[in-house]
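# Chain and residue survey
Here is how the chains run, residue by residue.
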Amino acid sequence: MKKILFLTLLLFSLGFGCSKSREATDSSNVSVKTTPPDPVPVVKIEPVSFQTRTFDAGKRSEGKSFPLRFVYPEEWEMEYIPSLRAINLFVKQGASSTRDRARIIIRVHASSEASSVPRGRNVVTSEQLVLGKGKYAARKNTLESIDKKVLAAEEPKWLSQTHQLTEIRPKESRKPFYSVAVHPDVDRNIVNVMLSSLEILK
């Protein structure tokens, strides 16, 4: 009787061990499919189809606030707006003020600011990008139109219209970052050439 009981227990333990071994083998053959995240689009360097000039911080008095280098159309001019901490790129021709002739507004933001989107402004679309010579992390936002009365006196009126605002961050998070607001009528090639040429110098 004891021999029979011993043999029964032995066979049971062997069967249980084989079962566990088969389970381990089966589980090792299970393949888990993972979907890689979509790559962040890179703004490619566009062929320049127009005459350009270069903004170089090392040659400008505004360089301390805007340590940047980029190209923009030769027929445009540039001015610094201290009250906005902004660079205004505007067309030369026209009887109106330089603010009304503004085509691109570049602002500098403290690293502590969460976003360059003005308070109370709705974002219609948003897209992550990689752009510039340093392959900087960026976000292109399309802002919804608002009442012109909300704007500061020094701001171009077209900033109240639906327009593109691209936020560009340096690789070091503690440094200031920049935003580029673009007039709705500016040619996309001009914008892409400028953004792809952008270099943060410090």
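## Some thoughts on the packing of aromatic side chains
Note on aromatic pairs: each is described by the distance of the centres and the angle between the planes. Under the criterion given, the structure shown has four aromatic pairs. Seen from their ring centres, Phe 66 and Tyr 80 are 5.9 Å apart, and the 80° between their planes marks the pair as edge-to-face. Of this pair, Phe 66 sits in the loop between β1 (52-56) and β2 (68-73) while Tyr 80 sits in strand β3 (residues 76-81), and the two are 14 residues apart along the sequence. Judged by its relative accessible area of 0%, Phe 66 falls in the buried class.

## Here's the deal with the sheet that holds β3
Spatial strand order, β3-β4-β5-β9-β8-β7-β6: seven strands in an open sheet with antiparallel pairing. For this open sheet the edge positions go to β3 and β6 (123-131), each flanked by a neighbour on one side alone. For this sheet, the mean inter-axis angle between neighbouring strands, taken without regard to orientation, is 20°. In terms of strand pairing, strand β8 (residues 163-169) meets strand β9 (residues 177-182) through five bridges, oriented antiparallel.

## Comments concerning the environment of Leu 143
One can find Leu 143 in strand β7 (residues 136-143). Given the relative accessible area of 1%, Leu 143 is considered buried. Sequence separation of Leu 143 and Ser 126 is 17 residues, and the distance between their C-alpha atoms is 9.0 Å. What Leu 143 contacts, discounting residues up to four positions off in sequence, is Val 117, Pro 118, Arg 121, Asn 122, Val 123, Val 124, Gln 161, Thr 162, His 163 and Leu 165.

## So, the confidence of the model for the protein
When the pLDDT values of the protein are averaged, the result is 82; 78% of them are 70 or greater. The lowest-confidence element of the protein is helix α1 (residues 2-28), averaging 46 in pLDDT; the highest-confidence one is β8, averaging 97. Contacts for the low-pLDDT stretch residues 2-14, under 50 throughout, to residues beyond four places or in other chains number zero contacts. A low-confidence stretch, residues 16-28 (pLDDT under 50), is modelled with zero contacts involving residues beyond four sequence positions or located in other chains.

## Topic: the pairing of strand β4 (residues 86-91)
Within a regular beta strand, the side chains point alternately toward one face of the sheet and then the other, so they alternate between its two faces. Of all six residues in β4, six are buried, a share of seventy percent or more. Residues Ala 86, Asn 88 and Phe 90 point to one face of β4 and Ile 87, Leu 89 and Val 91 to the other, with burial holding for every one of them. Summarising the sheet, β3 and β4 pair through six bridges and their orientation is antiparallel. Bridge pairing in β4 links Trp 76 to Val 91.

## Focus on the sheet that holds strand β10 (residues 199-200)
Ordered by their spatial adjacency, three strands build an open sheet running β1-β2-β10, and the pairing between neighbours is antiparallel. At either margin of the open sheet sits one strand with a lone partner, and together these are β1 and β10. In this structure, β1 lies alongside β2, joined through five bridges in antiparallel fashion. Within β2, the residue paired with Thr 54 across the bridge is Val 71.

The rules we used
Residues numbered from 1 in each chain as written. Predicted model: local features only at pLDDT ≥ 70, side-chain atom pairs only at ≥ 80, totals over all residues. Heavy atoms only, no water. Phe/Tyr/Trp six-rings, centres within 6.5 Å; stacked < 30°, edge-to-face > 60°. Helix = DSSP H or I, 4+ residues; strand = E, 2+ residues; numbered from the N terminus. Buried < 20%, exposed > 50% of the residue type's maximum accessible area, 1.4 Å probe, protein only. Pairing = 2+ DSSP bridges. Axes fitted to C-alpha atoms, helices over the stretch in contact; angles between N-to-C directions. Contact = heavy atoms within 4.5 Å. pLDDT = per-residue confidence, 0-100.

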